[in-house]
Structure formats: C-alpha cells, structure tokens
Amino acid sequence: ELAMVFNKLDIDTEEVLLAAGSKWNFLPFRPGLVGGHCIGVDPYYLTYKAQSMGYEPQMILAGRRINDGMSTYVAQRLIKKMSLTGIDISKANVLIMGFSFKENCPDIRNTKVLDVYNELSDYGIDVDVFDPWVDPKDALSFYGVAIEKSPKVEFYDAVIIAVNHDKFEQLGQDEITKFMKEKHVIYDLKYILEKTDSILRL
C-alpha cells in the first residue's frame, strides 16, 4: 500500500526504504507481487477461524485485499504509461520476466505474476513470459501459460521485471533493452535496474 501512495506522490519507494534502513531495527521488506502460501494463502485460514468465532480480523483482511489488488494495479499503471508513450495497446507486445512466486526458484504455486498476465491478456495485449527457472511443462499444464526459451529481440513494446532472479540482474539494462522496440516502457517491480526517468518502479 505504501508503494501505491509513494507512486501517487511521485516519490521513489526504494529511496524511502534505503533511508528507513538507517534505523537499526528496520525490516527491509520490498513491495511486489507476493505469491506463495505464507502470505498469499495461509492468513485466510486464520481469518476464516476468527470470523467463525465472531471476530472480524480487519488488518489481516485489509492486507489480503491490497495484495490481491496489486496485479491489477501493476497492469493498469503499465497500460497507462504505454498509452502516454504513444504505444497502440491493441497491437502491443509485452514481455514478463519472471513467473515463479519468488526469486531463484522454480516454484509457480500461487504465483501472482499469473494475475498480471491475465489482466494484460484481457486488454488484448500479446504477452510473452520468460523465466529460466520455471519448467515450461509445469506452467503450461497448471496455468496454460507458455514460457519462452528466450525473449525476442527488438520486439516488445513493454517489459515487466516481475521477479528478481539473479540471472535477470546479471543481464542488466543494456541486454534487457535489446528485447525492446525503440519506443518502449520498462516496469521494474524489483529495483533490478538503475533508477531513470524512463523506468517505472513500484
């Protein structure tokens, strides 16, 4: 939620986190697409039991609503930026880098990246997914999503860096930009790239 507020105020979230990190007991949580079980699923067991006992756990439920809405927020913010950049949304090609629910692992259970994929597809955008950690057979059988072996060159109108795999960080901005058309948008959800005016960040 703070990332959304900072975006509205045109404040860079990472700069706030780095400044807050000077406090000795600061916990460096980063915004993003939080999937998996621990945060995305397990709290619902507690809320269900609490509600059955007549207690409404408002803070837990509010956190879940915000997390569940993050994918829509990401997709809509990207589409708005693409439109303002002069990109024809109806003919756009978008690359999503990362499909697992967290970095440097192949686990795609309860991945929130799927929600971004579906949201963009609903707008008629052609979406490719690249994740060197994920087994393409798993992604196809569980979610019907094809994983690209490698991104196409000079093909994409936009890229979303959704998971901070080490391999993506090693690619760097120059290599990632090679996947893009001359007019493009990069949405770096994980602060892998250096901050510039041309890169969207959470």
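Refer to the structure printed above.
This one's a predicted model, so the numbers in the text were calculated from it and none came from an experiment.

Some thoughts on the pairing of strand 1 (residues 93-97)
Next up, step 1: Of all five residues in strand 1, five are buried; the element is thus mostly enclosed.
Next up, step 2: Alignment of strand 1 against strand 2 (residues 126-130), held across five bridges, turns out to be parallel. Residue pairing across strands places Leu-95 opposite Asp-128, the latter belonging to strand 2.
Next up, step 3: Considered for its hand, the β-α-β crossover made up of strand 1, helix 5 (residues 113-122) and strand 2 is right-handed.
Next up, step 4: For strand 1 and strand 4 (residues 156-161), the ladder comprises four bridges, and the chain directions are parallel.

As for the sheet that holds strand 6 (residues 199-201)
Next up, step 1: Strand order in this open sheet of six strands is 3-2-1-4-5-6, and the pairing throughout is parallel. Looking at strand neighbours, the two that pair on one side only are strand 3 (147-148) and strand 6, the edges of this open sheet.
Next up, step 2: Across two bridges, the pairing between strand 2 and strand 3 is parallel. Residue pairing for strand 3: Val-129 is matched across the bridge by Ile-147.
Next up, step 3: Docked against the sheet, helix 5 engages strand 1, strand 2 and strand 4, running at close to 180° with respect to strand 1.
Next up, step 4: Where helix 7 (residues 166-177) meets the sheet, its contacts fall on strand 1, strand 2, strand 4, strand 5 (180-188) and strand 6, and the angle it forms with strand 5 comes to roughly 145°.

With respect to the pattern of salt bridges
Where charged atoms from two side chains of opposite charge approach closely, those side chains can pair.
Next up, step 1: One pass over the full model with this rule turns up six salt bridges.
Next up, step 2: For Arg-109, the salt bridge is made with Asp-107, and the minimal N-O distance between the two is 2.5 Å.
Next up, step 3: Several salt bridges share partner residues, and in doing so they unite Asp-128, Glu-148 and Lys-152 into one network.

Some words on the environment of Gln-170
Next up, step 1: Along the polypeptide, Gln-170 turns up in helix 7.
Next up, step 2: Through-space distance from the C-alpha of Gln-170 to that of Ile-192 is 9.2 Å; in sequence the pair is 22 residues apart.

Some thoughts on helix 7
Next up, step 1: Between its first and last C-alpha, helix 7 extends 17 Å over 12 residues, near the 16 Å set by a 1.5 Å rise per residue.
Next up, step 2: Among the residues of helix 7, those classed as buried are Phe-168, Gly-172 and Ile-176. One side of helix 7 carries all its buried residues, which in axial view fall inside an arc of 150°. Along helix 7, exposed side chains directed more than 90 degrees from the buried face belong to Gln-170 and Asp-174.
Next up, step 3: Among the structural elements, strand 1, strand 2, strand 4 and strand 5 are those in contact with the buried residues of helix 7.

Rules used throughout
- Residues numbered from 1 in each chain as written.
- Predicted model: local features only at pLDDT ≥ 70, side-chain atom pairs only at ≥ 80, totals over all residues.
- Heavy atoms only, no water.
- Buried < 20%, exposed > 50% of the residue type's maximum accessible area, 1.4 Å probe, protein only.
- Helix = DSSP H or I, 4+ residues; strand = E, 2+ residues; numbered from the N terminus.
- Pairing = 2+ DSSP bridges.
- Right-handed = clockwise from strand over helix to strand, strands pointing away.
- Contact = heavy atoms within 4.5 Å.
- Axes fitted to C-alpha atoms, helices over the stretch in contact; angles between N-to-C directions.
- Salt bridge = Lys/Arg side-chain N within 4 Å of Asp/Glu carboxyl O.
- Expected span 1.5 Å × (residues − 1).
- Arc of directions from axis to C-beta.

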